[in-house]
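Chains, contacts and geometry: an overview
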Amino acid sequence: MTIDHLFMFIEPGGPEIDALKRLGLQETYRRAHPGQGTANVCFGFDNLYLELLWLTSEAEARCPAIERTRLWERSQWRALGTCPFGIAFRGDLDSEGAPAWDYRPPYLPGGTAIQVATASDDPALPMVFVSPGHERPIEWPPARRGTLQHSGGWGEVLWVDIGLPSRAAAAPPLRTVASASSPLRITARPDGRHSLRLALADAQGQHTHTLDLASTGLGHWRVSLIDETLPARSWQRAWAALGLTAPDGLMQRLLDAWAEPQRHYHTQQHLRECLALLEPALDLAQHPGEVELALWFHDAVYDPKGKDNEARSADWATEALARAGAGSAVQQRARALIMVTCHDAEPTDPDARLLVDIDLAILGAEPARFAEYDAQVRAEYRWVPGGLYRRKRKEVLAGFLAGPTIYGTGRFRERFEGPARENLRSAG
């Protein structure tokens with residue numbers, strides 16, 4: 001079986017639609033589903049498409065002909081803890097040992113039947129069904145397929161990863177279906193949230209970007225596009241700027257450190273976000289090699305209970321630089337830049353201001369990403385009692401609001417100052 005499309009429930013006209021467009025994705029088509037009580041907007045890739053689905057009529061979605069799909073319950077995933085996803089295949093469920101029933105939605109011609117997995121009666125699991133269409137989007141008539149995502153440089157989706165709460169991810173019927181489709185991965189999320197990741201390939205079939213969507217406490221989806229080529233590009237650029245050769249294996253050791261299990265915010269996600277912010281701002285750096293390398297190392301050592309993370313990270317950086325043959329001035333600049341991320345003093349050096357602005361850009365992120373960040377920080381400090389954590393967290397956030405500005409460079413202040421203050425006030 002191959003994946004035909006994936007759906008995820010959003011609120012009518014939700015911000016996720018514009019978020020995808022801002023990332024460079026092209027809307028392929030929209031459609032209403034009379035009698036089913038839903039409507040959609042679809043983003044097509046060469047081999048499958050992503051469908052953002054929303055409820056238009058509770059009465060239709062809960063009528064006897066539709067009720068068993070549990071679409072209404074899925075649309076209420078925020079309140080009910082149900083699964084907002086659907087996985088449509090091209091193939092046959094019965095042949096894969098997945099019992100199914102025939103669903104005949106009113107909007108399809110001639111009572112066309114759709115196979116729906118019986119296991120999908122449990123709304124905590126994705127709705128698994130067979131698509132009534134059997135063509136890949138690249139094979140659709142031109143009027144329907146448009147340009148797909150070719151203008152963004154993307155062709156096929158290489159694999160799909162669906163993140164589910166642990167109980168749902170372990171459900172045997174879901175595992176059976178996933179094993180029948182190699183591009184589909186099911187990941188257990190201990191935080192109980194839902195996520196969807198699509199590996200996007202360029203015209204040559206190379207995995208260049210990952211479309212990453214994750215549910216947040218706000219009930220919306222955090223939408224981001226991960227540039228898979230960025231880490232290697234950044235690493236090579238930093239050492240080239242220093243005129244040095246990186247020690248063998250160091251980049252991978254750093255990436256492994258950023259992926260340690262005690263991390264929830266201080267992860268590769270944060271590192272990639274920092275590197276992505278620096279890339280178009282390198283013209284602001286007086287010593288770009290030191291700034292970029294400092295970002296790689298600034299949370300390389302991270303123990304949520306530790307008091308010397310920055311110092312130990314700086315030690316690692318200076319030791320690596322010394323092994324690579326860097327002079328003492330380069331080592332000292334890199335150490336100072338890492339230590340400024342303690343955020344215990346106002347940075348005065350231009351490079352330090354740039355690095356701190358990048359580190360604090362998360363405060364001015366879109367509300368869904370800020371909500372995710374807030375939850376990630378709480379997860380790192382889950383050992384702190386709730387009342388104490390809320391009091392200390394409020395003090396930290398109020399400290400950022402207390403100053404005349406949060407950001408030290410004009411470029412970051414213009415982009416992030418207003419949103420950061422809105423996020424901090426709402427969190428406080």
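Throughout what follows, the structure given in this document is the object of discussion. (Residues numbered from 1 in each chain as written. Predicted model: local features only at pLDDT ≥ 70, side-chain atom pairs only at ≥ 80, totals over all residues. Heavy atoms only, no water.)

**Overview of empty space enclosed by the protein**
- Per the stated rule, a full pass over the model turns up one cavity of 30 Å³ or more.
- Taken as a whole, the largest cavity holds about 30 Å³ of empty space.
- Along its surface, the largest cavity is lined by Ala-61, Arg-62, Glu-67, Arg-70, Leu-71, Trp-72 and Glu-73.
- Residue contributions to the lining of the largest cavity peak at three residues, all from helix α3 (residues 71-75). (1 Å grid on protein atoms, 1.4 Å probe; cavity = no way out; pocket = protein on both sides within 12 Å on 5 of 7 lines; lining within 4 Å. Points joined across faces, edges and corners; volume = space filled by probe spheres on them. Helix = DSSP H or I, 4+ residues; strand = E, 2+ residues; numbered from the N terminus.)

**Remarks on the state of the cysteines**
- For the coordinates displayed, the defined rule picks out zero disulfides.
- Sulfur of Cys-42: no disulfide; nearest cysteine sulfur belongs to Cys-83 and is 18 Å away.
- Between Cys-342, a free cysteine, and Cys-274, which holds the nearest cysteine sulfur, the sulfur-to-sulfur gap is 15 Å. (Disulfide = S-S within 2.5 Å.)

**Some thoughts on the environment of Tyr-29**
- Assignment of secondary structure puts Tyr-29 in strand β2 (residues 29-33).
- Through-space distance from the C-alpha of Tyr-29 to that of Leu-211 is 19 Å; in sequence the pair is 182 residues apart.
- Setting aside chain neighbours within four positions, we find Tyr-29 in contact with Asn-40, Val-41, Cys-42, Tyr-49, Trp-140 and Arg-144.
- Within the local environment of Tyr-29, its side chain forms a polar contact with the side chain of Arg-144, the two groups lying 3.1 Å apart. (Contact = heavy atoms within 4.5 Å. Polar contact = N/O pair within 3.5 Å; in protein donor to acceptor, adjacent residues only side chain to side chain.)

**Notes on the sheet that holds strand β9 (residues 157-165)**
- In spatial order, the strands read β10-β9-β11-β12-β13; together these five strands make up an open sheet with mixed pairing. Unpaired on one side and paired on the other, β10 (184-189) and β13 (221-227) mark the two borders of the sheet. Taking each pair of neighbouring strands and ignoring which way they run, the sheet shows an average axis angle of 15°.
- Sheet analysis places β9 next to β10, joined by six bridges and oriented parallel. When the sheet's bridge partners are listed, Gly-163 is paired in β10 with Thr-187. (Pairing = 2+ DSSP bridges. Axes fitted to C-alpha atoms, helices over the stretch in contact; angles between N-to-C directions.)

**Digging into the nonpolar core**
- With 62 residues, the main nonpolar core has Val-160, Ile-162 and Leu-198 as its most contacted residues.
- Non-local contacts of Ile-162, meaning those with residues more than four positions away in its chain, are made with Leu-6, Phe-85, Ile-87, Leu-184, Arg-185, Ile-186, Thr-187, Ser-195 and Leu-196.
- Counting 59 residues, the second-largest nonpolar core is a separate cluster that includes Ala-294, Leu-363, Tyr-373 and Leu-397. (Core = buried A, V, L, I, M, F, W, Y, C linked by side-chain atoms within 4.5 Å. Buried < 20%, exposed > 50% of the residue type's maximum accessible area, 1.4 Å probe, protein only.)

**Brief notes about helix α11 (residues 288-297)**
- The element α11 is largely enclosed, with a buried count of nine among its ten residues.
- Taken as a whole, α11 has its buried residues at Gly-289, Glu-290, Val-291, Glu-292, Leu-293, Ala-294, Leu-295, Trp-296 and Phe-297.
- In this structure, the buried side of α11 is in contact with α8 (230-242), α9 (250-258), α10 (268-278), α12 (309-323), α13 (328-339) and α14 (350-360).

**Observations regarding helix α17 (residues 410-427)**
- Look at α17: 25 Å from first C-alpha to last across 18 residues, which is about the 26 Å you get at 1.5 Å a residue.
- Taking the largest bend as the criterion, α17 deviates by roughly 50°, centred on Phe-416, and proline Pro-419 comes between one and four positions later.
- Among the residues of α17, those classed as buried are Phe-412, Phe-416, Glu-417, Ala-420, Arg-421, Asn-423 and Leu-424.
- As for α17, its buried residues are in contact with α10, α14, α15 (367-380) and α16 (386-402). (Expected span 1.5 Å × (residues − 1). Bend = angle between axes of the 7 residues up to and from the residue.)

**Regarding the layout of surface pockets**
- Its boundaries defined by the atoms lining it, the second largest pocket holds a volume of some 960 Å³.
- In this structure, the second largest pocket is lined by 32 residues; those nearest its centre are His-266, Tyr-302, Tyr-381, Arg-393 and Val-396.
- Of all the secondary-structure elements, those providing two or more residues to the lining of the second largest pocket are α12, α14, α15 and α16.
- Per-element accounting of the lining of the second largest pocket gives the leading share, six residues, to α16.
- Taken together, the residues that form the lining of the second largest pocket break down as 16 nonpolar, six polar and ten charged. (Nonpolar A, V, L, I, M, F, W, Y, C, P; charged D, E, K, R; others polar.)

**A short note on unusual backbone geometry**
- A positive phi angle, near 60°, is found at Arg-70, a position not held by glycine.
- Here Arg-70 lies in the loop between α2 (58-61) and α3.
- The backbone of His-343 sits at a positive phi, close to 55°, despite the residue not being glycine.
- With respect to the helices and strands, His-343 occurs in the loop between α13 and α14.
- Owing to a relative accessible area of 32%, His-343 belongs among the partly exposed residues under this scheme.

**Focus: the packing of aromatic side chains**
- This structure, assessed with the given rule, holds 17 aromatic pairs.
- Where Trp-77 meets Trp-221, the ring centres are 5.1 Å apart and the plane angle is 40°; that geometry is what we call tilted. Of this pair, Trp-77 sits in helix α4 (residues 77-80) while Trp-221 sits in strand β13, and the two are 144 residues apart along the sequence. Neither residue differs from the other here; Trp-77 and Trp-221 are each classed as buried.
- Three or more aromatic residues joined by ring pairs form one cluster here, namely Phe-7, Phe-9 and Phe-129. (Phe/Tyr/Trp six-rings, centres within 6.5 Å; stacked < 30°, edge-to-face > 60°.)

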